[in-house]
Amino acid sequence: MKKLNYLLKLVGSIQIFLGLAYLFAPALFLHAMGHSMPQPDIYYPLGMLAARFISYGIALFIISSAPAQHVLWINFMILIQVIDLGVGIFYTSIGVIPLSLSAFPMFNATWIILLLTMWHPMKEPANGIAH
């Protein structure tokens, strides 16, 4: 299932890009997206968030070679995107974030959810015999 392999690498690349941006240029990245500048103490949790983006992105590259053996990782990426979409909908609906800022990330979360769900692999049994 080559399309899932490519999708996992694409999503991994996005995660790594976000991580690097939040780690090395958080103010520039937030400004480029149209967000307000956070207080300087917020850069610390953004750096911690960056570590998770980068790590998960690298993991997606690794699991792309054998997705059926790593279904849990794929399920968690779907969960992450569902939470991202829900947060976007919530903060947009209460007026904290304008749709102009949330539309693109919510669109990304939606296509990632849909494609990972549609192309979701069957988990391989421990003995390697597929059902």
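What this report covers is the structure whose coordinates are included nearby. Note that this is a predicted model, so its numbers are computed, not measured.

## A word on the overall build of the protein
Counting secondary structure elements, the protein contains 5 helices and 0 strands. Counted from the first residue to the last, the protein has its helices and strands arranged as α-α-α-α-α. Projecting the C-alpha coordinates of the protein onto the three principal axes gives extents of approximately 55 × 30 × 20 Å. With 131 residues in all, the protein has 34% of them scored as buried. The contacts of the protein with a sequence gap of at least 6 include a subset with a gap of at least 24, amounting to 72%.

## A few points about the nonpolar core
In terms of nonpolar packing, the biggest core is built from 15 residues, with Leu4, Leu7, Leu8, Val11, Leu60, Ile74 and Leu116 touching the most fellow members. Put simply, the parts of the chain that give this core at least two residues each are helix H1 (2-24), helix H3 (43-63), helix H4 (71-93) and helix H5 (99-118). Ignoring any residue separated from it by four or fewer positions in sequence, one finds Ile74 in contact with Leu4, Leu8, Ile63, Pro67, Leu116, His120 and Pro121. By size, the runner-up hydrophobic cluster in this structure holds 7 residues, among which are Tyr22, Phe29, Leu46 and Ala50.

## Quick look at H3
Compared with an ideal rise of 1.5 Å per residue, which puts 21 residues at 30 Å, H3 spans 30 Å between its outermost C-alpha atoms and is within 8% of the ideal. For H3, every residue scored as buried is listed here: Leu46, Ala50, Phe53, Ile54, Tyr56, Gly57, Ala59, Leu60 and Ile63.

## A look at the packing of aromatic side chains
Across all of its chains, the model carries 5 aromatic pairs by this definition. Consider the rings of Phe17 and Phe29, whose centres lie 5.9 Å apart with planes at 80°: the pair is edge-to-face. Here Phe17, found in helix H1, pairs with Phe29, found in helix H2 (residues 26-33); they are 12 residues apart in sequence, far enough to count as distant. For Phe29, a relative accessible area of 13% gives the class buried. Aromatic pair Tyr22 and Phe29: ring centres 5.1 Å apart, planes at 90°, arrangement edge-to-face. The pair formed by Tyr22 and Phe29 is uniform in burial state, with each residue classed as buried. By way of ring pairs, the aromatic residues Phe17, Tyr22, Phe29 and Phe53 are connected into one cluster.

## Structural notes on the packing of H1 against H2
Relative to each other, H1 and H2 sit at 115°, their axes nearing to 5 Å. The segment H1 lies against H2, with Phe17, Leu18, Ala21, Tyr22, Leu23 and Phe24 engaging Pro26, Phe29, Leu30 and Met33. Tallied by class, the residues present in the contact of H1 with H2 amount to 10 nonpolar, no polar and no charged.

## Notes on the environment of Leu115
Topologically, Leu115 is positioned in helix H5. By relative accessible area, Leu115 is classed as partly exposed at 22%. Linking Leu115 and Leu4, residues 111 residues apart in sequence, is a C-alpha distance of 8.3 Å.

## Some points on a nonpolar patch on the surface
Residues Leu72, Phe76, Leu79, Ile83, Val87, Phe90, Tyr91, Ile94 and Val96 make up a contiguous nonpolar surface patch of about 840 Å² in total accessible area. Within the secondary structure, Phe90 sits in helix H4. Judged by relative accessible area, which is 44%, Phe90 ranks as partly exposed.

Calculation criteria
- Residues numbered from 1 in each chain as written.
- Predicted model: local features only at pLDDT ≥ 70, side-chain atom pairs only at ≥ 80, totals over all residues.
- Heavy atoms only, no water.
- Helix = DSSP H or I, 4+ residues; strand = E, 2+ residues; numbered from the N terminus.
- Buried < 20%, exposed > 50% of the residue type's maximum accessible area, 1.4 Å probe, protein only.
- Contact = heavy atoms within 4.5 Å.
- Core = buried A, V, L, I, M, F, W, Y, C linked by side-chain atoms within 4.5 Å.
- Expected span 1.5 Å × (residues − 1).
- Phe/Tyr/Trp six-rings, centres within 6.5 Å; stacked < 30°, edge-to-face > 60°.
- Axes fitted to C-alpha atoms, helices over the stretch in contact; angles between N-to-C directions.
- Nonpolar A, V, L, I, M, F, W, Y, C, P; charged D, E, K, R; others polar.
- Patch = residues over 30% accessible without salt bridge, like charges linked within 9 Å, V, L, I, M, F, W, Y side chains within 5 Å.
- Areas by Shrake-Rupley, 256 points an atom, 1.4 Å probe, with all protein chains shown as cover.
- Salt bridge = Lys/Arg side-chain N within 4 Å of Asp/Glu carboxyl O.

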